[in-house]
Amino acid sequence: MSTTSAPEHEPTAPGPAKAARGVDVGALLGSCPVPIMDHKEVVLAHGSGGKLTHQLITRMVLPQFRNEFLEPLHDGAVFSVNGSRLAFSTDSYVVKPIFFPGGDIGKLAVHGTVNDLAMCGARPLYLSVGFILEEGLPMDDLWRVIRSMQEAAAQAGVALVTGDTKVVDRGKGDQIFINTSGIGLVPPGVRIHPSRARVGDKVLINGPIAVHGIAIMSVREGLEFESEITSDTAPLNGLVEAMLKACPDMHVLRDPTRGGVTSALAEIAEQAKVGIRLEETRIPLSEAVKGACEILGLDPLYVANEGKVLAIVPAEAADAVLAAMRNHPLGRDAALIGEVVDDHPGLVTMKTTVGGSRVVDMLSGEQLPRIC
Amino acid sequence: MKYIDEYRQQELAQGLAREIQRTVTRPWVLMEVCGGQTHSIVKYGLDHLLPKEVELVHGPGCPVCVTPLEMIDRAQAIARRPDVIFCSFGDMLRVPGSESDLLILKSRGADVRVVYSPLDCLKIARANPDKKVVFFAIGFETTAPANAMSVWQARQEGLRNFSILVSHVLVPPAMEAILQSPDNRVQGFLGPGHVCTVVGYEEYEPIAAKYHVPIVVTGFEPLDLLQGTLMALRQLEAGKAEVENEYPRVVKREGNRVAQDLVGKVFEVCDRAWRGVGTIPQSGYRLRDAFRDYDAEHLFQVGSIKTQESPICISGLVLRGVKKPHDCPAFGKECTPQHPLGATMVSAEGACAAYYTYGRHLHMKPAAAGKAKELEVAHS
Amino acid sequence: MCLAVPGKVLEIERNPEGVRMAKANFGGIVKSVCLEYTPEVVPGDYVLVHVGFALSKVDEEEAARTYEILREMNQLAELEEGETEPLAAAPAKGGAS
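Residues numbered from 1 in each chain as written. Chains lettered and ligands numbered in written order. Predicted model: local features only at pLDDT ≥ 70, side-chain atom pairs only at ≥ 80, totals over all residues. Heavy atoms only, no water.

## Some words on the overall build of chain B
Short version of the rule: Helix numbering and strand numbering both begin at the N terminus, where a helix is a DSSP run of H or I of at least 4 residues and a strand a DSSP run of E of at least 2. Radius of gyration here is computed from C-alpha atoms only, and the compact-globule reference equals 2.2 Å multiplied by the residue count raised to the power 0.38. Buried means the residue's accessible area, taken with a 1.4 Å probe over protein chains only, is under 20% of the maximum for its type, while exposed means over 50%, and partly exposed covers the values in between. Contact between two residues is taken to exist if any of their heavy atoms lie within 4.5 Å; hydrogens are not considered. Neither His nor the chain ends contribute to the count of charged residues, in which Lys and Arg are positive and Asp and Glu negative. Lys charges are placed at NZ, Arg charges at CZ, Asp charges at CG and Glu charges at CD.
A tally of regular secondary structure across chain B gives 17 helices and 11 strands. The C-alpha atoms of chain B give a radius of gyration of 21 Å, which matches the 21 Å a tight globule of 380 residues would have. On the principal axes, the C-alpha backbone points of chain B span a range of 65 × 55 × 45 Å. Per-residue burial over chain B gives 64% buried out of 380 residues. Considering only contacts in chain B between residues 6 or more positions apart, those separated by 24 or more positions represent 77%. Side-chain charges in chain B split into 43 positive and 44 negative, and the spacing between the mean points of these groups amounts to 3 Å.

## Focus: the interface of chain C and chain B
Put simply, the rule is: A simple way to read buried area is as the amount of 1.4 Å-probe accessible surface that goes missing from two parts once joined, with both sides added. Should a side-chain nitrogen of Lys or Arg be within 4 Å of a carboxyl oxygen of Asp or Glu, the pair is scored as a salt bridge. For this scheme, ten residues count as nonpolar: Ala, Val, Leu, Ile, Met, Phe, Trp, Tyr, Cys and Pro. Four count as charged, namely Asp, Glu, Lys and Arg, and the remainder, Gly too, count as polar.
Tallying the contact residues gives 48 residues for chain C and 57 residues for chain B. With both chains or domains summed, chain C and chain B bury close to 4,300 Å², and 65% of this area falls on carbon and sulfur atoms. Linking chain C with chain B are three salt bridges. Those elements that provide at least two residues to the side of chain C that touches chain B are β1 (4–14), β2 (20–26), β4 (46–50), β5 (53–57) and α1 (60–80) of chain C. Among the elements that line the side of chain C that touches chain B, the one with the most residues is α1 of chain C, at 13 residues. Along the lines of polarity and charge, the residues of the side of chain C that touches chain B split into 30 nonpolar, eight polar and 10 charged.

## Points about the pairing of β4 of chain C
Residues and elements named next belong to chain C. Inclusion rule: Here, any two strands with at least 2 DSSP bridges between them count as paired.
Among the five residues that make up β4, five are buried, leaving the element largely enclosed by the rest of the structure. In β4, alternate side chains face the same way, and those of Tyr46, Leu48 and His50 on one face and Val47 and Val49 on the other are all buried. Across five bridges, β1 lies against β4 in antiparallel orientation. Its bridge partner lying in β4, Gly7 is registered against Val47. Two elements, β4 and β5, share four bridges in a ladder whose sense is antiparallel. Each residue of the ladder has a partner; that of Val49, found in β5, is Ala54. Between β4 and the antiparallel strand that follows it, β5, lie two residues; Val51 among them carries a positive phi value of about 40 degrees.

## Some thoughts on the pattern of salt bridges
If the charged atoms of two oppositely charged side chains come close together, the side chains can form a pair. Residues and elements named next belong to chain B. The tally for this structure, following the rule as stated, stands at 36 salt bridges over all chains. With its nearest N and O atoms 2.9 Å apart, the salt bridge here joins Asp224 to Arg249. Of this pair, Asp224 sits in helix α11 (residues 222–237) while Arg249 sits in the loop between β9 (243–245) and α12 (257–266), and the two are 25 residues apart along the sequence. For Asp224, a relative accessible area of 1% corresponds to the buried category.

## A closer look at helix α6 (residues 260–272) of chain A
The criterion, for reference: In this analysis, the expected span of each helix is defined as 1.5 Å times one less than the number of residues it contains.
With 13 residues, α6 of chain A should reach 18 Å at 1.5 Å per residue; the first-to-last C-alpha distance of 19 Å fits that figure. The element α6 of chain A is largely enclosed, with a buried count of 13 among its 13 residues.

## Describing the confidence of the model for chain B
Residues and elements named next belong to chain B. Which entries qualify depends on this criterion: Confidence scores here are pLDDT values: one per residue, from the predictor, ranging 0 to 100.
Looking at chain B as a whole, its pLDDT mean stands at 88, while 94% of the residues score no less than 70. Of all the helices and strands in chain B, helix α17 (residues 366–379) carries the lowest mean pLDDT, 45, while strand β8 (residues 215–218) carries the highest, 98. In the predicted structure, residues 364–372 sits below a pLDDT of 50 and forms two contacts with residues beyond four places in sequence or in another chain. Segment residues 374–380 is flagged for pLDDT under 50; beyond a separation of four residues in sequence, or across chains, it makes eight contacts in the model.

## Details of the sheet that holds strand β11 (residues 278–287) of chain B
Residue and element names in this part refer to chain B. To keep it simple, the criterion reads: Axis lines are fitted to C-alpha atoms, over the contacting stretch for helices. Their N-to-C directions set the angle, which ranges from 0 to 180 degrees.
Taken together, the six strands give an open sheet; going across it, the order is β4-β3-β5-β6-β11-β10, and neighbouring strands pair in mixed fashion. On the outer flanks of this sheet lie β4 (111–114) and β10 (267–274), each paired with one strand and no other. Strand-to-strand twist of the sheet, defined as the mean angle between neighbouring strand axes without regard to direction, takes the value 25 degrees. Relative to β11, β10 runs antiparallel, the two being bridged by seven bridges. If you follow Val269 over to β11, its bridge partner there is Tyr285. Contacting β3 (84–88), β4, β5 (132–139) and β6 (162–169), helix α6 (residues 118–127) crosses the sheet at an angle of about 175 degrees to β5. Packed onto the sheet, α12 meets β10 and β11 and runs at close to 75 degrees relative to β10.

## Points about the side chain of Asp104 of chain A
Residues and elements named next belong to chain A. Counted only if it meets this: Any pair of nitrogen or oxygen atoms within 3.5 Å is treated as a polar contact; in protein, a donor-acceptor pairing is required on top of that, and neighbouring residues in sequence qualify only through side-chain atoms on both sides.
Along the chain, Asp104 turns up in strand β4 (residues 103–104). Here Asp104 sits buried without a salt bridge, and the closest side chain of opposite charge, Lys107, lies 6.2 Å off (N-O distance). A distance of 2.9 Å separates a polar side-chain atom of Asp104 from the backbone nitrogen of Lys107. Side-chain polar atoms of Asp104 contact the side chain of Ser148, separated by 2.6 Å. Once residues lying within four places of it in the same chain are set aside, the contact partners of Asp104 are Ile98, Phe99, Val145 and Ser148.

## Here we look at the pairing of β8 of chain B
Residues and elements named next belong to chain B. The test is simple: Here is how to tell: hold the view so the strands point away, follow the path from the first strand over the helix to the second, and if it runs clockwise the crossover is right-handed.
Residues Ile215 and Val217 of β8 are buried on one face, and the alternating residues Val216 and Thr218, pointing to the opposite face, are buried as well. Strand direction decides the pairing type here: strand β7 (residues 188–192) and β8, joined by four bridges, are parallel. Each residue of the ladder has a partner; that of Gly191, found in β8, is Val217. Each parallel crossover has a hand, and for β8 linked through α11 to β9 it is left-handed.

Laid out in structure tokens, this is it:
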């Protein structure tokens, strides 16, 4: 991929789909073969943010809609309209249970799109919401979700300006699915793009990992906690603004949601064709989350986060950004967890707690608990 | 976390690594038996803290890897039935059978559930009296007490809709099979710490004596593994061949008698097929006749199962420590965790999978690693 | 095959089916474990838990003894190599190995 920055011109209509490496796009309508041969059906793993999701997007979606805005496969697309740079993003929420410690599906849906826009360096402005409701969903539950979305939008400083509601038959939809889409404004000079990661850059995170995933699991698995683990879902636009003030030339921002810190960094490493080296001892992790991961046989690096942002910043700006993060309520435990290196381009590795070394690879699907 | 964090401490790990360096005067080949130990070694990068003279080969202690293809196909045949709720540990869900895996069956509507404990299955059985709950009881001796208790408890309660599909395997016969093999290179063992928590280590003493190999019962944390390695190397350098215990905080020589008792009441020893190795006599457990009505293999007639293993897979050689994963021409190319060809790549514990996920960049030259990454992206 | 985790026994009870169970604390998270195989265990003890079953009590004296051997060996090794800094609890600085 040759683009290194978001384009600064009027968007042109997307041209004819160009053949992606290894994919036969089959220009003849009606005889276009399905690119993915391994799975004849969609499986759950296609939604988990790991290799299969990546495969689905890069082999089926990207070649069909190929254009320079989609290519980066970033959290949102950035383009210019009449001289202003806009960011546009969408996200769908299917989480179960719909109410969990620290939040609910509605709050997640608002934060999710606000954060995707923030990851483009944008100030989020307007959201849309689409509800798909299952017949039989208690009205009280719907009311709780809507109220929660209103609070979340107010807290994030965004307005919900349009939406849609559909109802499906009982049994055809799992209580409630929510899609949010959003638009934001990217300030001049801000150029966030996964391919901007450079050798020597530092990798930062704003706080402890794996909290959200474990909070969800705790409800599903009936785990009790001495002090309850609550989801860290939060709107990150305020924190990101503070970070960009400290370093307008921020290279990459990514929120490590499903697939965990690993998927986010592995994608960046692959797109930027750089190596990333983490230090296990520096990665913030709370005792309780660690305990849950030990018992369930899960690796926290693969567990979903909300309310967390990874930043890849030029080395000379790292201290300033860290200070800005620690000054903000959502970044008190911010840490420098690694750096971009020229060894093993495309791979993420880690120096372990005992000084050894290992690859941190994307999983193909959902991480499963193990007993071995 | 207490009794975990202390055993991951970097300074002490470096200290052990230095002491190992000082102890070793010539090359030695050690095998860690248990898949959990393999996982830990590769996850913490421990083998790279060891001097070049010490070679760690990874043993067959991965019950997921060694579960015969025929048994996996049988499990899937049972899971497909509409009257069955099929329960399994997470480890088994992605293991491919001849055609499919449990996770794919789940996507097609089979009621397949991940459980953390066999006791969870009893809860499911009580809550679903009109369904048959089947639990995939795989594992080494470590898991036998839990599986035994589930059957024992089901009988106590008179639960009629619960059964287990047994594929239990035992460590000592596997070790002997390795030691008896003419191409064996293993000179010492890190014994399976949690297996020995249950069964003790008395039965390893005759093995150490007969084959003149030191066996050090070892835990799973990085410091345990390094210390166990040091103890085994000290014995080898001194020409000794004894059973030692690195893990006395939970392992006693006689093991857990209460657990052994119940396991003995519910299970009996039998011959077992090991994927990639073949049938090893007296190397598994099956339910005793008295518990036949809890035995899913008898309760569900699924017809004869025809299986086909890949001809290029060298799992058998990897399981016995004769070859390393990267010695295989298919490693990282046709054979990856996403499309495993054989036993040792199918589970995260398998030597090939562990190497691939955690350590392949260190075993491949940079150009080859880059090329493999390209191939992986192109094929993905 | 043997992911087992140590946890501290908080309270012991019998479940509705009469099985001896306990609430155990694993670094802050509390989970139910079966104690049928460790009848001698009392609240306050640590147990090693595999798939929801306590397989053994953790012998705290043995644990301390093993750990002390490691620390002594490390201190001795450092003295022999001529380093004079006392053994620190923090991770080693630099890439010394």
